[in-house]
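# Examination of the molecular architecture
Read off the chains here:
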Amino acid sequence: MKYQALKEWTDKRDVTLIAVSKTHPASTIKEIYDMGHRDFGENRAQELLDKVDDLPQDIRWHMIGTLQSNKIRAIVPHVHMIHSVNRIKILNYINREAENIGKTVDILIQIHIAEEESKHGFTFAEAEKLFSEDLSTKYPSVRFRGLMGIATFTDDKEVVANEFESLNAFFKTIQESKKEVLPDFNCLSMGMSGDYEIAVEHGSNMIRVGSLIFGQRDYN
Ligand SMILES: *Cc1c(COP(=O)(O)O)cnc(C)c1O
């Protein structure tokens with residue numbers, strides 16, 4: 001599927017489309033930009049920074065990959081949203097760096113929903129503990145916008161659907177119980193090229209799609 005068709009599909013459903021441009025050059029991103037698209041996702045800090053320099057300033061950059069703490073200072077001024085906040089340490093660093101430059105950073109808490117060990121994120125129990133804290137005092141320069149999850153990489157749609165549904169249920173619980181303190185908690189980022197339809201069926205309102213838009217990635 002190419003960009004236009006996917007964009008129509010997401011617009012119809014009020015879903016935000018993040019075009020995941022990792023490994024693709026600025027010139028390719030510019031083609032999608034010129035069709036009016038502004039939300040782009042990258043998974044490596046350095047690649048994101050290089051592209052910030054090479055592309056128009058009104059792009060909304062989404063950091064979707066696992067972050068190292070030593071890269072946070074560099075990216076905080078340039079990101080629109082960080083989807084991949086997967087531990088407390090990272091949250092602390094983001095808050096501190098944001099505070100230093102007087103910015104409030106939009107973030108999503110990444111939850112581990114997949115069977116694979118290799119995937120990162122808070123467990124539901126860890127996230128529950130986090131959300132029970134006084135977040136506005138502890139992280140005044142962070143705006144908690146919602147949750148992110150990556151499903152197991154499998155052809156078994158049942159497994160994927162169950163994982164997305166478990167995250168959706170948790171998202172709704174937090175949203176409902178925290179609506180006074182987290183009024184902007186309204187983003188559920190789940191779904192990629194292979195599973196975005198299942199994700200949206202299960203409550204996703206933000207999908208991160210790379211290869212369907214840009215073609216296969218060549219990592220070399
Ligand atoms: C690469 C990546 C995507 C997009 O993957 P596609 O299968 O190419 O759509 C989405 N989310 C994350 C976290 C990624 O790293």
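Check the entry above for the structure.
Here, residues in each chain are numbered from 1, in the same order as that chain's written sequence. Reporting of local features is limited, given that this is a predicted model, to residues whose pLDDT is at least 70; pairs of side-chain atoms are given and counted only at 80 or more, and all residues count toward the totals for whole chains, interfaces and linings. Derived side-chain values reflect all non-hydrogen atoms in the structure, with water molecules and hydrogen atoms excluded from consideration.

We now examine the overall build of the protein chain. When helices and strands are counted, the protein chain shows 10 helices and eight strands. For 220 residues, the compact-globule estimate of 2.2 N^0.38 gives 17 Å, and the protein chain sits close to it at 17 Å. The principal-axis extent of the C-alpha atoms belonging to the protein chain is close to 45 × 45 × 35 Å. In this scheme, a residue with accessible area under 20% of its type's maximum is buried, one over 50% is exposed, and one in between is partly exposed, where area comes from a 1.4 Å probe on protein chains only. Counting only residues that meet the buried cut, the protein chain has 51% of its 220 residues in that class. For the protein chain, the proportion of contacts with a sequence separation of at least 24, taken over those separated by at least 6, is 58%. For every accessible area listed, the method is Shrake-Rupley and the probe measures 1.4 Å; residues are considered covered only by the protein chains on display. Counting only carbon and sulfur atoms, one obtains 46% of the accessible surface of the protein chain, whose full area is about 10,800 Å². Counting from the N terminus, the helices are DSSP H or I runs at least four residues long and the strands are E runs at least two residues long. Taken over C-alpha atoms, the radius of gyration is set against a globule rule of 2.2 Å times the number of residues to the power 0.38. When checking whether two residues touch, look at their non-hydrogen atoms; a contact exists if any pair is within 4.5 Å.

Glancing now at the pattern of salt bridges. A pairing counts as a salt bridge when a side-chain nitrogen of Lys or Arg comes within 4 Å of a carboxyl oxygen of Asp or Glu. Within the structure shown, the criterion is met by 13 salt bridges. Several salt bridges converge on common partners, so that one network encompasses D106, R143, R145 and D184.

Moving on, we come to the environment of T23. Along the chain, T23 turns up in the loop between β1 (16-20) and α2 (26-33). Remark: the alpha-carbon pair of T23 and T10, spanning 13 residues in sequence, is separated by 24 Å.

In this section: the site of the ligand. In the region of the ligand, the neighbouring residues are V20, K22, I64, I150, M192, S193, R208, V209, G210, S211 and R217. What qualifies as a polar contact is a pair of N or O atoms within 3.5 Å, subject to a donor-acceptor requirement within protein and to the restriction that residues adjacent in sequence count only when both atoms come from side chains. Taking K22, its side chain carries an N or O atom lying 2.7 Å from an oxygen atom of the ligand. Residue classes follow a fixed rule: Ala, Val, Leu, Ile, Met, Phe, Trp, Tyr, Cys and Pro count as nonpolar, while Asp, Glu, Lys and Arg count as charged, and any other residue, Gly among them, counts as polar. The residue makeup of the shell around the ligand, split by class, is five nonpolar, three polar and three charged. We call a residue near a molecule or strand when any one of its heavy atoms sits within 4 Å of it.

Turning our attention to unusual backbone geometry. We note that D14 has phi near 60°; this positive angle belongs to a residue other than glycine. Assignment of secondary structure puts D14 in the loop between α1 (3-12) and β1. Since its relative accessible area comes to 68%, D14 is described here as exposed. Look at T23: it is not a glycine, yet its phi comes out positive at around 75°.

We now examine the nonpolar core. To form a nonpolar core, buried Ala, Val, Leu, Ile, Met, Phe, Trp, Tyr and Cys residues must be joined to one another through side-chain atoms within 4.5 Å. Counting 64 residues, the largest nonpolar core has I82, I94, I107, I109, F131, F144 and L147 as its most contacted members. Residue contributions to this core peak at seven residues, all from helix α8 (residues 157-177). Excluding anything up to four places from it in sequence, L147 contacts L108, I109, I111, F131, L167, F170, F171, F185, C187, L188 and S189. The next biggest cluster of nonpolar side chains, apart from the first, holds six residues, and it includes I18, L108, M148 and M206.

Quick look at the pairing of strand β8 (residues 206-209) now. Looking along a regular strand, one sees the side chains alternate between the two faces of the sheet. In β8, alternate side chains face the same way, and those of M206 and R208 on one face and I207 and V209 on the other are all buried. Of the strand pairs in this sheet, β1 and β8 are connected by four bridges, and their pairing is parallel. In the sheet register, I18 faces β8, and the bridge partner there is R208. Here a strand pair is declared whenever DSSP counts at least two bridges between the two strands.

The buried fraction of β1 is high, at four of five residues. By the bridge criterion, two bridges tie β1 to strand β2 (residues 39-42) in an arrangement that is parallel. Considered in β2, the bridge of A19 is made with F40. For a crossover, the right-handed case is the one in which the path from the first strand over the helix to the second runs clockwise, viewed with the strands pointing away from the viewer. Once you follow β1 into α2 and on to β2, the crossover reads as right-handed.

As a further point, take a negative patch on the surface. A grouping of E115, D155, D156 and E158 is seen on the molecular surface, where their side chains present a negatively charged patch. Tracing the backbone through its elements, the reader meets E158 in helix α8. When its relative accessible area of 55% is taken as the criterion, E158 is described as exposed. For patch detection, residues must exceed 30% relative accessible area and be free of salt bridges, and they are connected within 9 Å for like charges or within 5 Å for nonpolar side chains (Val, Leu, Ile, Met, Phe, Trp, Tyr). The positive count covers Lys and Arg only, the negative count covers Asp and Glu only, and His and the chain ends enter neither. For the purpose of locating charges, the reference atoms are NZ of Lys, CZ of Arg, CG of Asp and CD of Glu.

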